[in-house]
Amino acid sequence: MSGKVYVTRPLLGEAADLLRQRTSVEGNEVDEVLPRAVLLDRLKTVDVAVTQLTDTIDADLLAALPQLKAVANVAVGFNNIDIDAATRMGVMITNTPGVLTETTADFAWTLLMAAARRVVEADRYVRAGKFKAWGLQMLLGQDIHGKTIGVVGFGRIGQAVARRARGFGMRVVFFDPFPVPAAVAAEAGAEAVSFDSLLGLSDFVSLHVPLGPDTHHLFNDAAFAKMKPTAVLVNTSRGPVIDEKALARALRAGRIAGAGLDVYEHEPAVAPELLTMDNIVLAPHIASASRETRLKMCLMAAENALAALDGRRPPNLVNPDVWERRRI
Ligand code: GLV
């Protein structure tokens, strides 16, 4: 197979081996984000880039890389890439859907339960030597079983989150702007409702929408005002879906009770006011971070990259229009 691949941050071992066995591959040896100028320089002579969501692949960068044929992003989301520009310039973009669905759903529940039952606060309490005796009123949280969960965005991950609610005997409502077949909703044991109804009904709200103009700041002051004061908001999708300043206001004013965040509006920065609050659980974008799933994501990206180099249609092509007028 001829052609060069550049990997912007190290992949898990087996995926790196797969690429090395099949093609000429170079890569950043250090697991750090490459500054833009360095990224541009490293990609100047390569056919395929294997990127991560910390790499910004915008129109200017793509325009400076006329030889680039494909970008294999190691993530299901691709908001770090200007898809329209890539399509215009004939660059294939691929992602890693499906393999992280269940792992991400597990983690949405991890955050939900940690926030509801104050697990992180409890851990800090014990480590600080404050646990002197059992207490009837110590670290009271709220029940999860029997409550209502609202799932915003009912794609693969939203459905997997909904299925898990069955074991907790919960009512599941969901909102999705796109039509969801009745059989899919029934299989997940979930009822479709309007966005406002979901906000009013839900004890827990979990976000599973892609980031786009319609979902940017979907959770703002107006949305928080419609939620229950006891509600817990969980976000494992993309940070800018929540207006972080509005979230801080809502938590401080008791308009909602708590939150669990894996993603941030200005990632990796976190709004400083959130860092001082006890009723929020914060994670560093690790929802898909099980060893098994991250390996599957890396292997999938490697297969996408190899297919593009080989002149085959990459299995997870995000912009199929490019395939019709392919450059390989
Ligand atoms: C992670 O956020 C992903 O999009 O895979």
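Residues numbered from 1 in each chain as written. Predicted model: local features only at pLDDT ≥ 70, side-chain atom pairs only at ≥ 80, totals over all residues. Heavy atoms only, no water.

Colleague: Teacher, can you tell me more about the site of the ligand here?
Modeller: Every residue near the ligand is listed here: Leu53, Ala75, Val76, Gly77, Leu100, Arg238, His285 and Met297. Take valine 76: an N or O atom from its main chain is 2.8 Å from an oxygen atom of the ligand. For the ligand, an oxygen atom lies 2.7 Å from a polar atom in the side chain of arginine 238. In isolation the ligand offers 200 Å² of accessible surface; the protein chains occlude 90% of this area. Residue classes in the shell around the ligand are distributed as 5 nonpolar, 2 polar and 1 charged. (Near = heavy atom within 4 Å. Polar contact = N/O pair within 3.5 Å; in protein donor to acceptor, adjacent residues only side chain to side chain. Areas by Shrake-Rupley, 256 points an atom, 1.4 Å probe, with all protein chains shown as cover. Nonpolar A, V, L, I, M, F, W, Y, C, P; charged D, E, K, R; others polar.)

Colleague: It is not clear to me how the packing of aromatic side chains should be interpreted in this structure. Could you clarify?
Modeller: Two aromatic rings are characterised by how far apart their centres lie and by the angle between their planes. Inspection of the entire model under this criterion finds 5 aromatic pairs. Relative to phenylalanine 168, the ring of tryptophan 109 lies with its centre 5.0 Å away and its plane at 10°, an arrangement referred to as stacked. You can see tryptophan 109 sitting in helix H5 (residues 101-116) and its partner phenylalanine 168 sitting in the loop between helix H7 (156-165) and strand S7 (171-175), a full 59 residues away along the chain. Using a relative accessible area of 4% as the deciding quantity, one classes tryptophan 109 as buried. A centroid spacing of 5.6 Å and a plane angle of 85° characterise the contact between phenylalanine 195 and phenylalanine 219, whose relative ring orientation is edge-to-face. With phenylalanine 195 in helix H9 (residues 195-201) and phenylalanine 219 in the loop between strand S9 (204-207) and helix H10 (221-226), this pair connects stretches of sequence that are 24 residues apart. Here the two residues phenylalanine 195 and phenylalanine 219 agree in accessibility, since each one is buried. Feature note: the residues Phe175, Phe195, Phe219 and Phe224 constitute an aromatic cluster, connected by ring pairs. (Phe/Tyr/Trp six-rings, centres within 6.5 Å; stacked < 30°, edge-to-face > 60°. Helix = DSSP H or I, 4+ residues; strand = E, 2+ residues; numbered from the N terminus. Buried < 20%, exposed > 50% of the residue type's maximum accessible area, 1.4 Å probe, protein only.)

Colleague: Just to check I follow, could you spell out the pattern of salt bridges for this structure?
Modeller: A side chain of one charge can pair with a side chain of the opposite charge if their charged atoms are brought near each other. Per the stated rule, a full pass over the model turns up 15 salt bridges. In this structure, the salt-bridge partner of glutamate 102 is arginine 164, at a minimum N-O distance of 2.8 Å. Note that glutamate 102 is positioned in helix H5 and arginine 164 in helix H7, a separation of 62 residues in sequence. The class of arginine 164 is partly exposed, set by a relative accessible area of 22%. The partner of arginine 124 in a salt bridge is aspartate 278, and the shortest N-O contact between them spans 3.5 Å. Of this pair, arginine 124 sits in helix H6 (residues 119-127) while aspartate 278 sits in the loop between helix H12 (272-275) and strand S12 (280-282); the two residues are 154 residues apart in sequence, bridging distant segments of the chain. (Salt bridge = Lys/Arg side-chain N within 4 Å of Asp/Glu carboxyl O.)

Colleague: Quick question: what am I supposed to make of the sheet that holds S7 here?
Modeller: One open sheet holds the 7 strands; their spatial order is S8-S7-S6-S9-S10-S11-S12, and the pairing between them is parallel. Each end of this open sheet is capped by a strand with a single partner; those strands are strand S8 (190-192) and S12. Neighbouring strand axes in the sheet, compared pairwise and without regard to direction, differ in orientation by 20° on average. Pairing of strand S10 (residues 232-235) with strand S11 (residues 258-261) involves 4 bridges; the strand directions are parallel. (Pairing = 2+ DSSP bridges. Axes fitted to C-alpha atoms, helices over the stretch in contact; angles between N-to-C directions.)

Colleague: Please clarify how the packing of helix H1 (residues 13-22) against helix H13 (residues 291-310) should be interpreted in this entry.
Modeller: Two packed helices can be described by the angle between their axes and the distance between those axes. It is at 8 Å that the axes of H1 and H13 come closest, and there the two elements cross at 20°. Taken together, the axes of H1 and H13 lie roughly parallel to each other. Our pair here, H1 against H13, has a crossing hand that is right-handed. Residues Glu14, Ala15, Leu18, Leu19 and Arg22 of H1 pack against Leu295, Cys298, Leu299, Ala302, Glu303, Ala305 and Leu306 of H13. Here the residues of the contact of H1 with H13 sort into 9 nonpolar, no polar and 3 charged. (Parallel < 35°, antiparallel > 145°, perpendicular 65-115°, else oblique. Left-handed = near helix turned anticlockwise from the far one by under 90°. Contact = heavy atoms within 4.5 Å.)

Colleague: Got a minute to help me understand the sheet that holds strand S3 (residues 48-51) in this structure?
Modeller: In any sheet, the strands associate via hydrogen bonds between backbone groups, in a parallel or an antiparallel arrangement. What the 5 strands build is an open sheet, ordered S2-S1-S3-S4-S5; its pairing is parallel. The open sheet has two free edges, formed respectively by strand S2 (24-27) and strand S5 (92-94), since each of these has just one partner strand. Neighbour to neighbour, the strand axes of the sheet diverge by 20° on average, direction disregarded.

Colleague: Quick question: what am I supposed to make of the environment of histidine 266 here?
Modeller: Assignment of secondary structure puts histidine 266 in the loop between S11 and H12. Distance in space between the C-alpha atoms of histidine 266 and proline 240 is 7.5 Å, their sequence separation being 26 residues.

Colleague: Sorry, what's going on with the pairing of S7 here?
Modeller: Successive side chains on a regular strand alternate, one facing one side of the sheet and the next facing the other. The pairing of strand S6 (residues 148-152) with S7 spans 5 bridges and is classified as parallel. Across the sheet, residue isoleucine 149 finds its bridge partner in S7, namely valine 172. Inspection of the sheet shows S7 paired to S8 by 3 bridges, in the parallel sense. Of the residues in S8, the one forming a bridge with valine 172 is alanine 190. Tracing the backbone out of S7, into helix H8 (residues 182-187) and back to the parallel element S8 gives a crossover that is right-handed. (Right-handed = clockwise from strand over helix to strand, strands pointing away.)

Colleague: For this particular structure, what's the right way to read the environment of glutamate 32?
Modeller: Within the fold, glutamate 32 resides in the loop between S2 and helix H2 (36-43). Accessibility expressed as a relative area gives 52% for glutamate 32, which makes it exposed. Discounting chain neighbours no more than four positions away, the residues touching glutamate 32 are Thr8 and Arg9.

Colleague: Just checking my understanding: could you explain the nonpolar core for this structure?
Modeller: Among soluble globular proteins, nonpolar side chains are generally buried collectively. Ranked by internal contacts, the top residues of the largest apolar core, which has 54 residues, are Leu19, Val50 and Ile149. Of all the elements, H5 adds the most residues to this core, at 9 residues. Not counting chain neighbours up to four residues away, the residues in contact with valine 50 comprise Val5, Tyr6, Val7, Thr8, Leu11, Leu19, Ala72, Val74, Ala301 and Ala305. Listed in part, the 31 residues of the second largest apolar core include Val193, Met227, Val241 and Ala271. (Core = buried A, V, L, I, M, F, W, Y, C linked by side-chain atoms within 4.5 Å.)

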